[in-house]
Amino acid sequence: MPRDHIRIRGMIFHAYHGCEPDERTNGQRFEVDLDLVFDAAPAAASDRLKDTIDVRRVYREVQNIVTNDRFYLIETLGEHIAQRILQSFPVGSVTVAVRKPFAPLGGLTDGTEIEITRDRS
């Protein structure tokens, strides 16, 4: 299978994931990046949306998970996103990065981030 990539960068959502009560009550900013590996040749040949991955549908799937589900860990959030993408779209693999820019760590940081890669098996 070709290893073409389509990426969606910097999706931003307000959501309620985390271990601290304040995070689960007030929520905070989450940022998500996706890297989808697939075969772009059919779309390149036809120039038709139906022959590629509709990134608007991908965005809506991610938005639904991030804003409607609740998890304690960004690892769990990232895993759920990866599994949904693999189930819903014709990709060979997906890399998901989830950032929590204002994670309450007790000091100043640029936040926390998890990056996972899952392959279709």
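Residues numbered from 1 in each chain as written. Predicted model: local features only at pLDDT ≥ 70, side-chain atom pairs only at ≥ 80, totals over all residues. Heavy atoms only, no water.

1. Considerations on the pairing of strand β3 (residues 93-100)
Turning to step 1, where the next piece is worked out: Taken across its eight residues, β3 has eight buried, putting it largely inside the fold.
Turning to step 2, where the next piece is worked out: Alignment of strand β2 (residues 28-38) against β3, held across seven bridges, turns out to be antiparallel. When the bridges of β3 are listed, D35 appears paired with T95.
Turning to step 3, where the next piece is worked out: One ladder, built from eight bridges, connects β3 with strand β4 (residues 112-119); its direction is antiparallel. Directly across from V94, in β4, lies its bridge partner R118. (Buried < 20%, exposed > 50% of the residue type's maximum accessible area, 1.4 Å probe, protein only. Helix = DSSP H or I, 4+ residues; strand = E, 2+ residues; numbered from the N terminus. Pairing = 2+ DSSP bridges.)

2. Topic: the pattern of salt bridges
Turning to step 1, where the next piece is worked out: Under the counting rule described, the total for this entry stands at ten salt bridges.
Turning to step 2, where the next piece is worked out: Taking the shortest distance from any N to any O, the salt bridge between D54 and R56 comes out at 3.0 Å.
Turning to step 3, where the next piece is worked out: Given a relative accessible area of 15%, D54 falls into the buried group.
Turning to step 4, where the next piece is worked out: Among the salt bridges present, the one from R84 reaches E61, with a minimum N-O distance of 3.0 Å. With R84 in helix α4 (residues 74-88) and E61 in helix α3 (residues 55-68), this pair connects stretches of sequence that are 23 residues apart.
Turning to step 5, where the next piece is worked out: According to the relative accessible area criterion, R84 is partly exposed, its value standing at 25%. (Salt bridge = Lys/Arg side-chain N within 4 Å of Asp/Glu carboxyl O.)

Worth remembering: the numbers are spatial, not functional.
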